[in-house]
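Below are the chains, spelled out letter by letter.
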2 protein chains.
Amino acid sequence: MTTEEKLKKYQDWLFKCSAYQMALNIIGIDKQTVAPEAGASYRDARSAFLAGELFSLETDPEIVALLKDLQEDPEVDAENKRAIQLYYKQALDTLCIPKEEFVAFKKLCDESFDAWILAKSKADYSLFAPYLKKVIESQKKLYGYRNSNLSIYNQMLDDFEPGMDEEKYDAFFAALKERLVPFIQKVTKVKQLREDFLTQSFPVEEQKKFMEGLLEYLHFDSSWGYQNESEHPFTSWTCENDCRTTTKYLENNVISAILSTVHEVGHAYYEHNINPKYDGMILSEGVSSGMHESQSRLCENYLGRTMAFWKYHYPKLQKYFPKQLGEVSLEEFYQAVNRSKPSFIRTEADELTYPLHVLIRYEIEKGLFNGSISTEGLDKTWNAKYKEYLGVDVPNDKVGILQDVHWSDGSFGYFPTYALGTAFAAQFMQAMRKDLDVDSLLEENHFDEIMNWLKEHIHTYGFRYEAPELMKMVTGEEFNVKYFLDYIEEKYTKLYQL
Amino acid sequence: MTTEEKLKKYQDWLFKCSAYQMALNIIGIDKQTVAPEAGASYRDARSAFLAGELFSLETDPEIVALLKDLQEDPEVDAENKRAIQLYYKQALDTLCIPKEEFVAFKKLCDESFDAWILAKSKADYSLFAPYLKKVIESQKKLYGYRNSNLSIYNQMLDDFEPGMDEEKYDAFFAALKERLVPFIQKVTKVKQLREDFLTQSFPVEEQKKFMEGLLEYLHFDSSWGYQNESEHPFTSWTCENDCRTTTKYLENNVISAILSTVHEVGHAYYEHNINPKYDGMILSEGVSSGMHESQSRLCENYLGRTMAFWKYHYPKLQKYFPKQLGEVSLEEFYQAVNRSKPSFIRTEADELTYPLHVLIRYEIEKGLFNGSISTEGLDKTWNAKYKEYLGVDVPNDKVGILQDVHWSDGSFGYFPTYALGTAFAAQFMQAMRKDLDVDSLLEENHFDEIMNWLKEHIHTYGFRYEAPELMKMVTGEEFNVKYFLDYIEEKYTKLYQL
């Protein structure tokens, strides 16, 4: 075969894979948003089968040989070579797994998700514990098949953030703890900011009306995006022009749905803005989870929690909630949105204490995989860590161990990327602010110009470059956690007049 | 292989087919409800590929041989035999089609649907005409591959309603025309009933609140059902416990969404109530389109347009729309819901003129397939027939030729089943009223008991018996159009005091 013929065969294979992947993504979105619960077992069995078909395609020996061949072919251009290398690595990681075990695991993940939904609705960890145990055991077994010198957990960390491992994360979290913990203590000693008005009753119908305007401001429109609701907000997509987000409305928390929307739309833009010629290829995905979270956290915190953002939006919010917010000034509202107060829920945590929420999960994951922590009584371990790190007493499993979706489908190693991405974002903002007057753009309804900067410098490349490489391209330096620590200390020093 | 081994192989194959079918159904529901429009071409290409994979499974020569073998195997029980015969017939009808043509047709249907959506939004038939032409040409070619003595259109009619053909439909419509046309003339001569209050402005938000109560009344709940919105209301499903309907809210028509919901929920119940042991098999579908429409039309007209139904719902509707309906009596409202007035839109037509809407479509379909009517200028043909049969001048294509979704994906031969199903329903109601006090049940919020009767007598059998056989089982007689004609004449004689 000529290189051209080989590439043609490779493209045909890519197209087939992308068709199964699209079906699984749409079935997944449907499951998490609108699908009737009683149909779950019927659907779960069948989507596991389809995942198995994709598995067979991805591990087809003929294709694996083709990928190996093509990745050494000098006539293949750099972009295709990068994609082929990634597919080849993925195939090697996967083909060692017996297909029936892979399919059974997919089915288990769907069932485990269903159990998590039920357990959360009843605030009862014991309903979810047996599934979590099985998911961990299965993951250990499946990762164990790989030909790798890394520990299971290090393999998982590397899957979500290529190049990262326990040692590096330990160092990263140590640096965070070193400056954050004493600083948080300082903050908690001074006079607290008001926030009681945020937790009044805010009828969801009115929140939805405000949301319409917010989505317009974000230029997140029906030509390429769609928002729905789900138990845990998420973003999914099939291609550049089909990115879906979800949110969750809380009647007693008016900023939860707003900031979770800005967060998820950040993910959606990343996918939307990737070079369209990568559509359907592995290159058309964000390069790592940390990089993805950097974009969502950048939108949520570095844009969505600024005074400039609220200068534009707060008068609109007041109009929908005159009784609740009519007497609250913009300054008071801004302070409340940013007030630091140790709490139970990661997704609603303030910027300052947020990394500690992630740290707790990271420590538990490490323990689950090195055997020092067990799924039995994990709710107690969870609550003890919240007491230790954040000083709070978790009242029940719903706002405790069951709050996050991630472990239900075996996504261990994902959580630390939230903290890493948050720190990435600080460094990106530093660079962006050199080029753009971000505050004026936010205040004057030009969110699109900020997105264009991110598109040009980060999004468009998709999976083309590794995260450290991209960081250097965008900011001129290697990743350095000090940008985040400087930013957060400066922000909170000012906010609390320390 | 023993019969048991053969059946095992057959069951494995069934499961695989059902997985692809489920994926295609969910992708289809997603496409018609929430999927971002700009992603359509990416998705359409891939769902056509998946339809092709299903095609390959369904026409796998080894499986076709197995089906042929099993349908003659005396050890196979009657239910499996019936299913195997249906699959075998389906395979024979399909395997003669070249796969690439089949896949291209699926893609064309999706593109044609997209073009129809666009054309409808612009009320411009010319944007849809080239797609309609291609769809018809493709259908002629694909049906032409079959080894059949029947004309193409007769094959299509038979696909939707086994046993029916042009000759039988001609006779059926002739019988309708013979009694309906002079009767309609009589009705239009007498004093018209008021209906102006139905077309005031009814804010959609309030309509949605009423809908919540209606869905509860119908016992259509989130454990097995879900309602969304779409351009053209439809029902789809993946299994007994996952049935989805859509509706469409019109601000200037308060009963449109209500009656379309009752209609679609009728379809949903049919699928929900089929014996669960048929899940994932061909037997788990309504036996014919006419039988399916009989259930939806039964709900819409024979239940949803009764005085008893409105005795329960009208006070609730008035509460949501006190300004619009506060001064309108139940009797006036009931009359308006049932008033007969020739109009443009089939789905909003009254019971009396509805069959004429269907007749127009039937005549056009016949013409398109025997060559006497062309897609060029079809909007004019459409409008001329509406003038001739219903005496109305169609103001634009949106409420004219573009109103229905059916032709966009090549579903010719479906329309006549609406009229047939409507007539089936009259005969079923006659039987049901012998067993149940339907009006009291409707008035006293016992919709479930009516559904239980339909489940027991009709739904549970799914595809087990042909429509004529089922009709005889349920009513003790063969289908007779006189039940419908007697019913409609009696109802409208009373309503118009003729």
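Rules and cut-offs
- Residues numbered from 1 in each chain as written.
- Chains lettered and ligands numbered in written order.
- Predicted model: local features only at pLDDT ≥ 70, side-chain atom pairs only at ≥ 80, totals over all residues.
- Heavy atoms only, no water.
- UniProt positions renumbered as here; feature names shortened; annotations may be inferred.
- Contact = heavy atoms within 4.5 Å.
- Buried area = accessible area lost by both parts, 1.4 Å probe.
- Salt bridge = Lys/Arg side-chain N within 4 Å of Asp/Glu carboxyl O.
- Polar contact = N/O pair within 3.5 Å; in protein donor to acceptor, adjacent residues only side chain to side chain.
- Helix = DSSP H or I, 4+ residues; strand = E, 2+ residues; numbered from the N terminus.
- Buried < 20%, exposed > 50% of the residue type's maximum accessible area, 1.4 Å probe, protein only.
- Pairing = 2+ DSSP bridges.
- Axes fitted to C-alpha atoms, helices over the stretch in contact; angles between N-to-C directions.

Going by the annotation in an unreviewed UniProt entry, the name recorded for chain A is Metal-dependent carboxypeptidase, with Oribacterium parvum ACB1 given as the source organism. The record held by UniProt for chain A lists under Function (unreviewed entry) the comment "Broad specificity carboxypetidase that releases amino acids sequentially from the C-terminus, including neutral, aromatic, polar and basic residues."

Now for the interface of chain A and chain B. Counting residues at the interface gives 39 residues for chain A and 39 residues for chain B. Of the roughly 3,300 Å² buried between chain A and chain B on both sides combined, carbon and sulfur atoms contribute 69%. Taken together, the links from chain A to chain B amount to six salt bridges. Measuring nitrogen to oxygen at the nearest pair gives 2.8 Å for the salt bridge that ties R244 of chain A to D30 of chain B. At the surface where chain A touches chain B, the tally comes to 13 residue pairs in polar contact (both at pLDDT 80 or more). Here the element with the most residues in the side of chain A that touches chain B is helix 1 (residues 3-33) of chain A; it accounts for 10 residues.

Turning to helix 14 (residues 330-338) of chain A, its buried residues number three or more, namely F333, Y334, A336, V337 and N338 of chain A. Tucked into the core, helix 14 of chain A has its buried residues touching helix 10 (256-272), helix 12 (307-320), helix 13 (322-325) and helix 21 (482-495) of chain A.

Glancing now at the pattern of salt bridges. Residues and elements named next belong to chain B. Per the counting criterion, the structure on display carries 82 salt bridges over all chains. Ionic pairing is found between D44 and K31, a salt bridge with its closest N-O pair at 3.0 Å. Taken together, the positions of D44 in helix 2 (residues 40-58) and K31 in helix 1 (residues 3-33) put the pair 13 residues apart, joining distant regions of the chain. When its relative accessible area of 3% is taken as the criterion, D44 is described as buried. Put simply, E101 and K141 hold a salt bridge, and the shortest N to O gap is 3.5 Å.

Two strands in a sheet stick together by hydrogen bonds in their backbones, pointing the same way (parallel) or opposite ways (antiparallel). All names here are of chain A. Spatial strand order, 1-3-2: three strands in an open sheet with mixed pairing. Edge positions in the sheet fall to strand 1 (225-229) and strand 2 (235-239), since each of these pairs with one other strand and no more. Each neighbouring strand pair of the sheet contributes to a mean axis angle of 20 degrees, computed without reference to strand direction. As defined by bridge partners, strand 2 adjoins strand 3 (residues 242-247) across four bridges and the pair is classed as antiparallel. By the bridge assignment, W237 is partnered in strand 3 with C243. Along the sheet, helix 10 contacts strand 1, strand 2 and strand 3; its crossing angle with strand 3, the most-contacted strand, is approximately 165 degrees.

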